[in-house]
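# Structure assessment
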Amino acid sequence: MINILEKNKRNTGFILFTAMAVFLCAVAVFGLLVDTFVRDLDGDTAYAFPIYGQDSPAFVALAERLREGGGFTNEYGEAEMFRTPGYPFLLALSLFLANSLWIAIALQIVFAAAIVVLTFFIGSRLSGMRAGIIGAILVALSPNLIFHSVVALSDIVATFLVL
């Protein structure tokens, strides 16, 4: 990986900057469109963006119980056995610091941008610079990555940690 960077420092930096810029622009546009026009992605009026689907409310509920000192418990006060504590702790920290999920969402966007960069490095290492560039651009434009980077779900954090 170091050899790739040393050989083409100028090109590599430009490529990484471009891939991250494309990704961040796509995330910003998607987030603004959803926040402005949709707000309710799944038809459940009890929760608004960035809470989506069935898992997101459960993560947020765990985070709220953690913030309130109730521990890592489900709605019945029993120990949570289905979900791991990492992501709810991140959400709880966001709720504690800002009384909002937006700090956690901002961190997810940073992790998602790092996924684009890691994809470039992995592709470059395994199959050459061209593969790294193509992989980074494809990942940066992936609707799945863009969507999951702005909703309260653990997918982006988990993917970043796996890479």
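Bear in mind that the values here come from a model prediction, so they are computed numbers and not experimental data.

So, about the packing of helix H5 (residues 102–127) against helix H6 (residues 129–140). Close contact between H5 and H6 brings their axes to 7 Å; oriented N to C, the two are set at 155 degrees. In terms of axis orientation, H5 runs roughly antiparallel to H6. Seen from above, H5 lies across H6 with right-handed handedness. Contacts between H5 and H6 pair Ile 115, Val 116, Thr 119, Phe 120, Gly 123, Ser 124 and Ser 127 from the former with Met 129, Ala 131, Gly 132, Ile 133, Gly 135, Ala 136, Val 139 and Ala 140 from the latter.

Moving on, we get to H5. Along its 26 residues, H5 runs 37 Å from first to last C-alpha, staying within 8% of the 38 Å computed at 1.5 Å per residue. In the segment just after H5, Gly 128 is the residue with positive phi, at about 105 degrees.

What follows concerns a nonpolar patch on the surface. Taken together, the side chains of Leu 93, Phe 96, Leu 97, Ile 103 and Leu 107 present a nonpolar region at the surface, about 490 Å² in accessible area. Of all elements in the fold, only helix H4 (86–98) and H5 reach the threshold of two or more residues within the nonpolar patch. Considering every element that reaches the nonpolar patch, the biggest residue donor is H4, with three residues. Position of Leu 107 among the secondary structure elements: in helix H5. Given the relative accessible area of 34%, Leu 107 is considered partly exposed.

With that out of the way, let us pick up the side chain of Asn 74. With respect to the element layout, Asn 74 can be found in the loop between helix H3 (55–67) and H4. Looking at Asn 74, the relative accessible area reads 13%, which means it is buried. Every residue in contact with Asn 74, bar those within four places of it in the chain, is listed here: Arg 65, Ala 79 and Glu 80.

Once that is clear, we can look at the nonpolar core. The biggest cluster of nonpolar side chains holds 19 residues, and the ones touching the most others in it are Phe 23, Val 116, Phe 120 and Leu 145. For this core, the element with the highest residue contribution is H5, accounting for seven residues. Discounting chain neighbours no more than four positions away, the residues touching Leu 145 are Phe 23, Ala 112, Ile 115, Val 116, Val 139 and Ile 156. Leu 62, Ala 63, Phe 72 and Leu 95 belong to the second largest nonpolar core, which has 16 residues in total.

Bringing the confidence of the model for the chain into the picture now. Across the chain, the average pLDDT comes to 80, with 82% of residues at 70 or higher. Highest mean pLDDT in the chain belongs to helix H8 (residues 155–162) (93); lowest belongs to helix H1 (residues 2–7) (53).

With that settled, the discussion passes to the pattern of salt bridges. Taken as a whole and assessed by the stated rule, the structure comprises one salt bridge. Taking the shortest distance from any N to any O, the salt bridge between Arg 83 and Asp 55 comes out at 2.8 Å. Residue Arg 83 is found in the loop between H3 and H4, and its partner Asp 55 is found in helix H3; the two are separated by 28 residues along the sequence. Assessed through its relative accessible area of 37%, Asp 55 is described here as partly exposed.

What follows is about the packing of aromatic side chains. For any pair of aromatic rings, the description rests on two quantities: the centre-to-centre distance and the angle between the ring planes. Overall, the coordinates contain four aromatic pairs when judged by the stated rule. For the ring pair Phe 111 and Phe 160, a centre distance of 4.7 Å and an interplane angle of 25 degrees mean the geometry is stacked. One end of the pair, Phe 111, is in helix H5; the other, Phe 160, is in helix H8, with 49 residues separating them in the sequence. The ring of Phe 59 carries Arg 83 above its face, with NZ or CZ at 5.3 Å from the centroid.

Reading the values: rules and limits
Per-chain numbering applies: the sequence of each chain, read as written, is numbered from 1 onward. Two thresholds apply to this predicted model, a pLDDT of at least 70 for residue-level local features and 80 or more for giving and counting side-chain atom pairs, whereas whole-chain, interface and lining totals are computed over all residues. With hydrogens and water set aside, each side-chain value is computed from the structure's full complement of heavy atoms. Every angle, taken between N-to-C directions, lies between 0 and 180 degrees, and every axis is a line fitted to C-alpha atoms, over only the stretch in contact when it is a helix. A run of H or I in DSSP becomes a helix once it reaches four residues, and a run of E becomes a strand once it reaches two; helices and strands are each numbered from the N terminus. Under this scheme an angle from 65 to 115 degrees is roughly perpendicular, one under 35 degrees roughly parallel, and one over 145 degrees roughly antiparallel; angles in between are oblique. Here is the rule for handedness: rotate from the far helix to the near one, and if that takes an anticlockwise turn smaller than a right angle the crossing is left-handed, while a clockwise turn gives right-handed. Should any heavy atoms of two residues lie within 4.5 Å, those residues are counted as being in contact. For a helix, the expected span equals 1.5 Å multiplied by the number of residues minus one. The patches reported here contain residues having more than 30% relative accessible area and no salt bridge. Joining distances are 9 Å for like charges and 5 Å for nonpolar side chains (Val, Leu, Ile, Met, Phe, Trp, Tyr). Using a 1.4 Å probe, the Shrake-Rupley method yields the accessible areas, and only the shown protein chains count as cover for residues. Salt bridge, as used here: a side-chain nitrogen of Lys or Arg that lies within 4 Å of a carboxyl oxygen of Asp or Glu. Under the scheme applied here, a residue whose accessible area is under 20% of the maximum for its type counts as buried, over 50% as exposed, and between as partly exposed, the area being computed with a 1.4 Å probe on protein chains only. Among buried residues, the Ala, Val, Leu, Ile, Met, Phe, Trp, Tyr and Cys ones that are joined through side-chain atoms within 4.5 Å form a nonpolar core. What pLDDT reports is the predictor's confidence in each residue, on a scale of 0 through 100. Only centres within 6.5 Å qualify two rings of Phe, Tyr or Trp (six-membered ring in Trp) as a pair; their planes then separate them into stacked at under 30 degrees, edge-to-face at over 60, and tilted for everything else. Two limits define a charge over a ring: the Lys NZ or Arg CZ must be within 6 Å of the ring centre, and within 35 degrees of the ring normal.

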